[in-house]
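Given next are the chains, with one letter for each unit.
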Protein chains: 4
Amino acid sequence: MKLSEKKSLKKKEQILLSAVKIVNRHGYDGATMEEIAAELLMTKGSLYYYFKNKGDLMYQCHNLILSKAIDELKEHINEEDSAEEMLRNMIITHIDFAIEEQETFNLITRPYHTFNKEQLQEVLKLRKNYSGLFDQVIEKGLSSKAFKIKEPIIARMFMLGSMNWIQQWYNPDGRLSKKELQKIFGDYMIKLLK
Amino acid sequence: MKLSEKKSLKKKEQILLSAVKIVNRHGYDGATMEEIAAELLMTKGSLYYYFKNKGDLMYQCHNLILSKAIDELKEHINEEDSAEEMLRNMIITHIDFAIEEQETFNLITRPYHTFNKEQLQEVLKLRKNYSGLFDQVIEKGLSSKAFKIKEPIIARMFMLGSMNWIQQWYNPDGRLSKKELQKIFGDYMIKLLK
Amino acid sequence: MKLSEKKSLKKKEQILLSAVKIVNRHGYDGATMEEIAAELLMTKGSLYYYFKNKGDLMYQCHNLILSKAIDELKEHINEEDSAEEMLRNMIITHIDFAIEEQETFNLITRPYHTFNKEQLQEVLKLRKNYSGLFDQVIEKGLSSKAFKIKEPIIARMFMLGSMNWIQQWYNPDGRLSKKELQKIFGDYMIKLLK
Amino acid sequence: MKLSEKKSLKKKEQILLSAVKIVNRHGYDGATMEEIAAELLMTKGSLYYYFKNKGDLMYQCHNLILSKAIDELKEHINEEDSAEEMLRNMIITHIDFAIEEQETFNLITRPYHTFNKEQLQEVLKLRKNYSGLFDQVIEKGLSSKAFKIKEPIIARMFMLGSMNWIQQWYNPDGRLSKKELQKIFGDYMIKLLK
DNA sequence: TATGAATGAGTGTTCATTCAT
DNA sequence: CATGAATGAACACTCATTCAT
């Protein structure tokens, strides 16, 4: 890879991070190319050198965060730990993303409104990937008899839903710290699965 | 009340229902006055005869659905039934709304973006009202020793979150019918609380 | 004239007075049919029974006030009084109208924008009429050698302009009362003409 | 300053001049962004690149003309000339602006309707500035005993009013040329003040 | 590469006007 | 006579997108 290409990639990433910030603040629709560019002291025209259009940029934002989350989740999956341990770690990660990344992690309302066909396909693939990791661990728990549950898929969606909702009500200055919350949610999940 | 006033109220309701439909389709921001009017074979100008502005219309949509939901929930609360029975019924109702009403019931992302100050205040009041009904039943279950749980508020949010998420993945043609889903969710909730 | 016609005329006058009030408050463009009607607890649709359109109503407002002013001016013109006395009285009247009637008496900026061709013609006739009364008195003063001035028409416009401007700066709570103002303006006018 | 900035400023000025033309033709309310843009073969969207909104543009129009007028007035104020000479020159300038710039110079009816709070404040400051220059010269005439007048502020408003009115009746093809008019008005003013 | 500038389609809102009842 | 209701044209404003330099 040439130096110039490297530079370009770096810039692209910078823009992406700036965009993520704005999207988390104002949502996909509320984010304007102007504001994203301003964050980096650029002009909106320049964004089109790196991204085909707004949709593309938005898609890559979501993709970036989602991929990051997948990577972090994978780190918790291994042979040594028990299903319960792994799941508790995954819950911590998910809640971290839900609270910290807000909108871009939001496994969005009406994704077909924000993304085009190809993007949507890719997004759905990633999400399947993401959910699959949870399924995998639940499956492991089931085969080791640690968990007992009839509809594991529904249970997984049940769990993810409850965690995604956190961003609607979480208050950093609230009675419970993020850590305590993660602990409680872990407990509930385990209780649910056992 | 005069006949003409009745008629006007009816029209207002018609518009509201039409708006709810559009909002459920495209979200609050995506809904245009034009499309809402077109649904009723009117012109957008006419909408302003009944509603002060788009914000007002959107607010009343949300208010309408939320109030309906509250009313239905209340029907399930009484002295005879056990906390478990009541809760199961409430879950059925909530899932019905989440699936059927989609966006307008969606206990929205960034409500302060969609609603103005006064509207927001009213909306938050209604939501508190709504959640309060769940809290009430959980409380009853706790005092009758039917439920055992340490953080009832968190549990309630856990439950509501999992149900709100349903609209993201529910597929009417899927393996499980809505009814089956409601049953399973009920079971999970009870397991969680016991 | 039939009773019904009399009634209709009365209603027309009521509307006119209401319209004058609104116009004085918001200007010709700023006045809305809605507000004018509301002032009389009517609905705007009804106004069209009495007036062809907004332009017509606006025109008749101006016409009404202007005619009233002409009538009052005429009362000051007679054989006995000196030109100076008559002029002083006319100044008092003019200033009264300028301050009290504001916009409707405003011998308007861009009348061709507010009025149509025929209306404009009529308005210009009335205004000529109005100015003519001042000219008449100035003429009288000139022939009686009470006044000495070379360009009486210009002088008259000079005088009217200075008085019309009063409504831009007059403050009822200011240092000078309306009466004092009228006196001072009278003095200045006489000084100018002598 | 960079070349591009200079260019931008120039464009801004062009737009301003175009806007002034349109406003003089149709008034502040009557001027549409569309028409202003069309005058320069632009589309209205482009105007918003240079001005925040219509109010801003309108304000800057008025500000521009008023500032220009103040500058020209100031050129007539100096130590050598007599108060009378200076005043005659100022009258010429004022009448020039009143006739040539019409609406934008019009020391407007209901400015609080056209301008927002901050703009209004600035406008009023400029106007005070403007009137103050006249007051200054009158004051000078009074202290040199060239003028004798009891209420100099009222006299100044008397004078400005008479001149502002000129734009209502001035006809370039009339009996008197602008120059002759300016001479006559000067004479009247001096007569008034002496 | 980056930018300044321009565009045009879209959207909410206002309001005079019309008309059946 | 009066009204409720509907209309449609007009207008300010936003914003993604384009493109010459």
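Just so we're clear, the structure is a prediction, and the values are computed from it rather than from any experiment. (Residues numbered from 1 in each chain as written. Chains lettered and ligands numbered in written order. Predicted model: local features only at pLDDT ≥ 70, side-chain atom pairs only at ≥ 80, totals over all residues. Heavy atoms only, no water.)

(A) Geometry of the overall build of chain A. Of the regular secondary structure elements, chain A holds 10 helices and zero strands. Starting at the N terminus and walking to the C terminus, you meet the elements of chain A as α-α-α-α-α-α-α-α-α-α. Once the C-alpha set of chain A is aligned to its principal axes, its extents read approximately 55 × 40 × 30 Å. Each of the 194 residues in chain A was classed as buried or not, and the buried ones make up 51%. Here the contacts in chain A between residues at least 6 apart in sequence split such that 69% fall between residues at least 24 apart. Accessible surface, chain A: about 10000 Å² in total, of which carbon and sulfur atoms supply 52%. Charged side chains in chain A number 30 positive and 27 negative. The centres of these two groups are separated by 3 Å. (Helix = DSSP H or I, 4+ residues; strand = E, 2+ residues; numbered from the N terminus. Buried < 20%, exposed > 50% of the residue type's maximum accessible area, 1.4 Å probe, protein only. Contact = heavy atoms within 4.5 Å. Areas by Shrake-Rupley, 256 points an atom, 1.4 Å probe, with all protein chains shown as cover. Lys, Arg positive; Asp, Glu negative; His and termini not counted. Charge placed at Lys NZ, Arg CZ, Asp CG, Glu CD.)

(B) Geometry of the relation of the copies chain C and chain D. The two copies are related by a screw operation: chain C maps onto chain D through 178 degrees of rotation and 0.1 Å of translation along the axis, at an RMSD of 0.4 Å. With respect to symmetry, the two chain copies, as superposed, fit the operation of a two-fold axis. Among all C-alpha atoms of chain C, that of C:Ser162 lies closest to the rotation axis, at 2.0 Å. Residue by residue, 100% of the interface of chain C is reproduced at the interface of chain D, so both copies engage with the same surface. (Least-squares fit on C-alpha atoms with pLDDT ≥ 70 in both.)

(C) Broad picture of the packing of helix H8 (residues 152–164) of chain A against helix H10 (residues 178–193) of chain B. At their nearest, the axes of H8(A) and H10(B) sit 11 Å apart, and the two run at 65 degrees to each other. Between H8(A) and H10(B), the crossing angle belongs to the class labelled roughly perpendicular. Crossing hand, H8(A) versus H10(B): right-handed. Where H8(A) abuts H10(B), its residues A:Ile154, A:Ala155 and A:Phe158 lie against B:Leu181, B:Ile184, B:Phe185, B:Tyr188 and B:Met189. Here the residues of the contact of H8(A) with H10(B) sort into eight nonpolar, no polar and no charged. (Axes fitted to C-alpha atoms, helices over the stretch in contact; angles between N-to-C directions. Parallel < 35°, antiparallel > 145°, perpendicular 65-115°, else oblique. Left-handed = near helix turned anticlockwise from the far one by under 90°. Nonpolar A, V, L, I, M, F, W, Y, C, P; charged D, E, K, R; others polar.)

(D) Highlighting the protein's contact with DNA strand F. The immediate surroundings of DNA strand F are formed by 32 residues, with A:Lys54, B:Tyr50, C:Ser46, C:Tyr50 and D:Lys54 found nearest. In the model, a phosphate oxygen of DNA strand F is placed 2.9 Å from a nitrogen or oxygen of the B:Ser46 side chain. C:Tyr50 places a side-chain nitrogen or oxygen 2.3 Å from a phosphate oxygen of DNA strand F. If you list the elements that add at least two residues to the surface near DNA strand F, you get helix H3 (44–50) of chain A, helix H1 (3–30) and helix H3 (44–50) of chain B, helix H3 (44–50) of chain C together with helix H3 (44–50) of chain D. (Near = heavy atom within 4 Å. Polar contact = N/O pair within 3.5 Å; in protein donor to acceptor, adjacent residues only side chain to side chain.)

(E) How the structure looks around the relation of the copies chain A and chain B. Its rotation angle being 178 degrees, the transformation that places chain A on chain B also includes 0.1 Å of axial translation and leaves an RMSD of 0.4 Å. Both copies contact each other with a shared surface, as 100% of the interface residues of chain A are interface residues in chain B too.

(F) Quick look at the nonpolar core. Formed by 134 residues in total, the largest nonpolar core has its most connected members in A:Phe185 and B:Phe185. Of all hydrophobic cores here, the second largest spans 131 residues; its members include C:Ala98, C:Trp165, D:Ile99 and D:Leu160. (Core = buried A, V, L, I, M, F, W, Y, C linked by side-chain atoms within 4.5 Å.)

(G) Broad picture of the UniProt feature "domain: HTH tetR-type" (unreviewed entry) in chain A. On the UniProt side, "domain: HTH tetR-type" (unreviewed entry) is annotated at positions that read residues 9–69 of chain A here. With 85% helix and 0% strand, residues 9–69 of chain A has its two end C-alpha atoms placed 21 Å apart. (UniProt positions renumbered as here; feature names shortened; annotations may be inferred.)

(H) Broad picture of the interface of chain C and chain D. Taken together, the 34 residues of chain C in the interface contact 34 residues of chain D. Carbon and sulfur atoms make up 64% of the surface buried where chain C meets chain D, a total of about 3100 Å² over both sides. Here chain C is connected to chain D by four salt bridges. Ionic pairing is found between C:Glu151 and D:Arg175, a salt bridge with its closest N-O pair at 3.0 Å. (Buried area = accessible area lost by both parts, 1.4 Å probe. Salt bridge = Lys/Arg side-chain N within 4 Å of Asp/Glu carboxyl O.)

(I) Structural context of the environment of B:Gln121. Residues and elements named next belong to chain B. Among the secondary structure elements, Gln 121 is positioned in helix H7 (residues 117–143). Note on Gln 121: relative accessible area 59%, which makes it exposed. Once the C-alpha coordinates of Gln 121 and Lys 11 are considered, the two residues, 110 residues apart in sequence, prove to be 27 Å apart.

(J) Quick look at H7(B). All names here are of chain B. Taking 1.5 Å of rise per residue, the 27 residues of H7 would be expected to cover 39 Å, and the 38 Å separating its terminal C-alpha atoms lies within 8% of that figure. Two or three places before Glu 118, at the start of H7, stands the capping residue Asn 116, its side-chain oxygen 3.1 Å from that residue's backbone nitrogen. Positive backbone phi, at 65 degrees, marks Lys 145, one or two positions downstream of H7. (Expected span 1.5 Å × (residues − 1).)

(K) Broad picture of the side chain of D:Glu151. Structurally, D:Glu151 can be placed in the loop between helix H7 (117–143) and helix H8 (152–164). For D:Glu151, a relative accessible area of 17% corresponds to the buried category. Those residues in contact with D:Glu151 that lie beyond four places of it in its chain are C:Arg175, C:Leu176, C:Ile184 and C:Tyr188.

(L) Fine view of the interface of chain A and chain B. On the chain B side, the residues contacting the 34 residues of chain A number 34 residues. Approximately 3100 Å² of surface area, both sides summed, lies buried where chain A meets chain B, with 63% of it carried by carbon and sulfur atoms. By the criterion of area lost to chain B, the three top residues of chain A are A:Phe158, A:Trp165 and A:Tyr188, representing 24% of everything that side buries. Between B:Glu103 and A:Arg110 there is a salt bridge, with its nearest N and O atoms 3.5 Å apart. Connecting chain A to chain B are 13 residue pairs in polar contact (both at pLDDT 80 or more). Among the secondary structure elements, those contributing two or more residues to the side of chain A that touches chain B are helix H1 (3–30), H8, helix H9 (166–169) and helix H10 (178–193) of chain A.

(M) Structural view of the protein's contact with DNA strand E. Taken together, 31 residues sit near DNA strand E, with A:Ser46, A:Tyr50, B:Lys54, C:Lys54 and D:Tyr50 positioned nearest. For DNA strand E, the backbone portion of the atoms within 4 Å of the protein, that is sugar and phosphate, comes to 74%. In this structure, B:Lys54 approaches DNA strand E through a main-chain N or O atom, which is 2.7 Å from a phosphate oxygen. In the environment of DNA strand E, a phosphate oxygen lies 3.3 Å from a nitrogen or oxygen atom belonging to the side chain of D:Lys11. Where the surface near DNA strand E is concerned, the elements lending two or more residues are H3 of chain A, H3 of chain B, H3 of chain C together with helix H1 (3–30) and H3 of chain D. Split by residue class, the surface near DNA strand E holds 12 nonpolar, 14 polar and five charged.

(N) Representation of the packing of aromatic side chains. Taken as a whole, this structure holds 38 aromatic pairs over all chains when the rule is applied. Pairing C:Phe185 with D:Phe158 gives two aromatic rings, centres 5.0 Å apart and planes at 40 degrees, and the pair type is tilted. Here the residue C:Phe185 occupies a position in helix H10 (residues 178–193), and D:Phe158 occupies one in helix H8, the pair thus bridging two chains. Both residues of the pair, C:Phe185 and D:Phe158, count as buried. An aromatic cluster of at least three residues, connected via ring pairs, comprises A:Phe158, A:Trp169, A:Phe185, A:Tyr188, B:Phe158, B:Trp169, B:Phe185 and B:Tyr188. (Phe/Tyr/Trp six-rings, centres within 6.5 Å; stacked < 30°, edge-to-face > 60°.)

(O) Highlighting the UniProt feature "DNA-binding region" (unreviewed entry) in chain A. Residues given the UniProt feature "DNA-binding region" (unreviewed entry) here are residues 32–51 of chain A. Strand forms 0% of residues 32–51 of chain A and helix 70%; the C-alpha atoms that close the span are 14 Å apart.

(P) Representation of helix H8 (residues 152–164) of chain C within the structure. Between the first and last C-alpha of H8(C) there are 18 Å, a value that for 13 residues agrees with the 18 Å anticipated at 1.5 Å per step. Every buried residue belonging to H8(C) is among C:Ile154, C:Ala155, C:Arg156, C:Met157, C:Phe158, C:Met159, C:Leu160, C:Gly161, C:Ser162, C:Met163 and C:Asn164, and all of these are buried.

(Q) Looking closely at the pattern of salt bridges. Per the counting criterion, the structure on display carries 52 salt bridges over all chains. With a shortest N-O distance of 3.3 Å, B:Glu39 and B:Lys21 are connected by a salt bridge. With B:Glu39 in helix H2 (residues 33–39) and B:Lys21 in helix H1, this residue pair connects regions lying 18 residues apart in the sequence. For B:Glu39, a relative accessible area of 32% puts it in the partly exposed group. It is possible to trace a salt-bridge network through shared partners that takes in A:Glu84, A:Arg88, A:Lys183, A:Asp187 and A:Lys194.

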